[in-house]
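A look at the structure
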Amino acid sequence: MEKFTLELIFQIIGIGSASGLLYKDNTLLVIGDNSGFLYEYSIDSKDLKRHSLQENSMENTPKKDKSDFEAITHYGDSVFVFGSGSTENRNKMIRIDSKNKTILEKTDLTDLYTVMQSFGEIKPDDFNIEGAIYNGESWFLFNRGNGKSKKNVVFTIHGKNLTNEFNILSNHYKLPKIKGVRSSFTDAILVDSKIYFLATAEDTNSTYKDGEILGSCIGRIDIETMKIDFIEKISDSHKFEGVTLYSKNNETIEFLLCEDNDTSDLKSNIYKLKISVQH
């Protein structure tokens, strides 16, 4: 079979700048980095619900004010949404009940993010969390290396909580260039003992300012060795920022991807990516 197939399968009207998604029971939970809402979209009925994540939530929050929700993951009955940490007002983690979508807890991660920056030798201007995984024991947070220093780092965090009882490991990765620009992590998901990640090349040296999109890749990291098994370009023009598992069998695995269009348009394209398990 081909190494991969990528197809646009539907568009959601009402969500802009999608930055992360979760799929379960033919429903998508979606976050947008401009938005203060968690979106719940029924694929069958095309019904879209909005769940506020903060006071005075807006669809298109001004850039200087936005919480920059870039990463979403789940474990058990909880969904976790992370701010990117790229400015002082983007340091929140929100835990949500996956059944009724009520907010269970809000956590200020300023101290954790500060320790991560120190431990990973990342300057505050280069710090930008865009992916999160939780397996019930460890957190994996992905720093997008789209700042000047191009530091793509996976932080593994163990401990009782993320505020004052934790320890950190870090793994640095030199991801491939696309059209001369280094690609950088934009999201990740754990499937069995493998981390599948997205990376995008964007012609900018800023975690704050957008640049020309040069393409996206998918890759895989072995969770035991934390080494990359493979990485392959899947697009020359898309900025894929979210990945979730759609289906899997012994031969193939299918993901749903969302795209950040870097505009204020409230529409989001959802793609299906199919790859071989024996990649």
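Residues numbered from 1 in each chain as written. Predicted model: local features only at pLDDT ≥ 70, side-chain atom pairs only at ≥ 80, totals over all residues. Heavy atoms only, no water.

Focus on helix α1 (residues 110–119)
Since there are 3.6 residues in each turn of an α-helix, residues three or four apart along the chain are aligned in direction. Those residues of α1 that fall on the buried side of the exposure criterion are Leu 112, Tyr 113, Met 116 and Gln 117. Considered in projection along α1, the buried side chains sweep an arc of 135° and stay on one side of the axis. Exposed positions of α1 whose direction lies more than 90 degrees from the buried face are Asp 111 and Ser 118. Looking at the packing, one finds that the buried side of α1 touches β7 (78–83), β10 (129–134), β11 (138–143), β12 (152–159) and β13 (166–173). After α1 finishes, the residue Glu 121 shows a positive phi value of roughly 55°. (Buried < 20%, exposed > 50% of the residue type's maximum accessible area, 1.4 Å probe, protein only. Helix = DSSP H or I, 4+ residues; strand = E, 2+ residues; numbered from the N terminus. Arc of directions from axis to C-beta. Contact = heavy atoms within 4.5 Å.)

With respect to the nonpolar core
Formed by 20 residues in total, the largest nonpolar core has its most connected members in Phe 82, Leu 112, Tyr 113, Met 116, Leu 141 and Ile 157. Among the secondary structure elements, those contributing two or more residues to this core are β7, α1, β10, β11 and β12. Among all residues touching Tyr 113, those that are not within four sequence positions of it are Phe 82, Gly 83, Ser 84, Gly 85, Arg 90, Asn 91, Phe 127, Ile 129 and Leu 141. Counting residues in hydrophobic clusters, the runner-up holds 16 residues, among them Leu 198, Ile 253, Leu 257 and Ile 275. (Core = buried A, V, L, I, M, F, W, Y, C linked by side-chain atoms within 4.5 Å.)

Here we look at the pairing of strand β20 (residues 240–248)
Summarising the sheet, β20 and strand β21 (residues 252–259) pair through 7 bridges and their orientation is antiparallel. Looking across to β21, one finds that Gly 242 is bridged to Cys 258. Counting the residues that bridge the hairpin from β20 to β21 gives 3 residues. (Pairing = 2+ DSSP bridges.)

So, the sheet that holds strand β8 (residues 92–97)
The antiparallel open sheet is built from 4 strands, whose spatial order is β6-β7-β8-β9. Pairing within the sheet leaves two strands with one partner each, and these edge strands are β6 (69–75) and β9 (103–108). Ignoring strand direction, the axes of neighbouring strands in this sheet form an average angle of 20°. As paired elements, β6 and β7 share 6 bridges and run antiparallel to each other. Bridge assignment links His 74 to a residue of β7, and that residue is Val 79. (Axes fitted to C-alpha atoms, helices over the stretch in contact; angles between N-to-C directions.)

Description of the packing of aromatic side chains
Summed over the entire model, instances satisfying the criterion amount to 14 aromatic pairs. Aromatic pair Tyr 173 and Phe 185: ring centres 5.9 Å apart, planes at 80°, arrangement edge-to-face. Of this pair, Tyr 173 sits in strand β13 while Phe 185 sits in strand β16 (residues 184–191), placing them 12 residues apart in sequence. Judged by its relative accessible area of 11%, Tyr 173 falls in the buried class. By way of ring pairs, the aromatic residues Tyr 75, Phe 80, Phe 82, Tyr 134 and Trp 139 are connected into one cluster. (Phe/Tyr/Trp six-rings, centres within 6.5 Å; stacked < 30°, edge-to-face > 60°.)

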